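Summary of structural features
These are the residues of each chain, in order.
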Amino acid sequence: MKRTVIAAQGEITIIRCEGELPAGLVAHSEKDKLGRPIISHSESGNHHVLDAAVDVLEKPDAPEGMRILYALLDRPTALIQDASDAHGSHLLEPGLYEMRIAREFDPFAEQARRVAD
């Protein structure tokens, strides 16, 4: 599959794909109150959403802490953030997109453990 990074919005990297959907994907069912698929949650409690009711699929075996989603768009659709002070939106032309939600490693959390006698 040919993949081209086209944009980023906050913690989301948007990749345009050419080829077939990967095997083993499962339905992604997180939706906002308007029925739009939630791609990611921001730290301020807002959501990054696709501004249309489209089907989104998820790779269930993504690396720990990461989320990998796929959307096959049949019409132009915007990736937006539903915040009053939102990131700029990205208009996605029809096609197949992979959206990777970044992960973060906290070395201090990895070292913390419960004290035991």
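Anything mentioned here points back to the structure above.
What you see is a predicted model; the values in this text were computed from it and never measured.

**So, the overall build of the protein chain**
In terms of helices and strands, the protein chain carries one helix and ten strands. Ordered by position from N to C terminus, the α and β elements of the protein chain give β-β-β-β-β-β-β-β-β-β-α. Counting every position in the protein chain, which comprises 117 residues, the buried fraction comes to 35%. Of all intrachain contacts in the protein chain linking residues separated by at least 6 positions in sequence, the fraction that spans at least 24 positions is 58%. On the protein chain, roughly 7600 Å² of surface is accessible, and the fraction owed to carbon and sulfur atoms is 48%.

**Digging into the pairing of strand E7 (residues 67-73)**
Among the seven residues that make up E7, five are buried, leaving the element largely enclosed by the rest of the structure. Where strand E6 (residues 56-58) and E7 come together, three bridges link them in antiparallel fashion. Residue pairing for E7: Glu58 is matched across the bridge by Leu69. Of the pairings in the sheet, the one linking E7 to strand E10 (residues 95-101) comprises seven bridges and is antiparallel in character. Among the inter-strand pairings, Leu69 is bridged to a residue of E10, identified as Met99.

**Some details on the pattern of salt bridges**
By the definition in use, this model includes six salt bridges. Here Arg3 ties to Glu98 by a salt bridge, and the two come within 2.7 Å at their closest N and O atoms. Pair noted here: Arg3 is in strand E1 (residues 2-9) and Glu98 is in strand E10, with a separation of 95 residues, a long-range link. A single network of salt bridges, built from pairs that share partners, joins Arg3, Glu98 and Arg100.

**Re the sheet that holds strand E3 (residues 26-27)**
If you walk across this open sheet you meet the six strands as E1-E2-E10-E7-E6-E3, and the pairing is antiparallel. Edge strands, defined here as strands with exactly one partner in the open sheet, are E1 and E3.

**A short note on the pairing of strand E2 (residues 12-18)**
As paired elements, E1 and E2 share seven bridges and run antiparallel to each other. Paired with Lys2 across the bridge in E2 is Glu18. In textbook terms, the turn of a hairpin is the stretch between consecutive antiparallel strands, and for E1 and E2 this stretch comprises two residues, one of which, Gly10, has a positive phi near 60°. Note: E2 against E10, six bridges, orientation antiparallel. In the strand pairing of E10, Ile15 is matched with Glu98.

**Brief notes about the environment of Leu25**
By secondary structure assignment, the location of Leu25 is in the loop between E2 and E3. Taking relative accessible area as the criterion, Leu25 reaches 19% and is therefore assigned buried. Here the alpha-carbon distance between Leu25 and Lys59, two residues 34 residues apart in the chain, equals 5.0 Å.

Reading guide: rules and limits
Once a new chain begins, its residue numbering starts again from 1 and follows that chain's sequence as written. Under the rules for a predicted model, residues below a pLDDT of 70 receive no local features and side-chain atom pairs below 80 are neither given nor counted, while totals for whole chains, interfaces and linings still include all residues. For side-chain calculations, the full set of non-hydrogen atoms in the structure is used, while hydrogens and water are omitted. Runs of H or I in DSSP of at least four residues are treated as helices and runs of E of at least two as strands, each being numbered from the N terminus. Using a 1.4 Å probe on the protein chains alone, a residue whose accessible area is under 20% of its type maximum counts as buried, one over 50% counts as exposed, and one in between counts as partly exposed. In this description, contact between two residues means that some pair of their heavy atoms is separated by no more than 4.5 Å. With residues, only the protein chains shown are counted as cover, and all accessible areas are computed by Shrake-Rupley using a 1.4 Å probe. Only strands that DSSP links by at least two bridges are regarded as paired with each other. When a carboxyl oxygen of Asp or Glu lies within 4 Å of a side-chain nitrogen of Lys or Arg, that pair is called a salt bridge.

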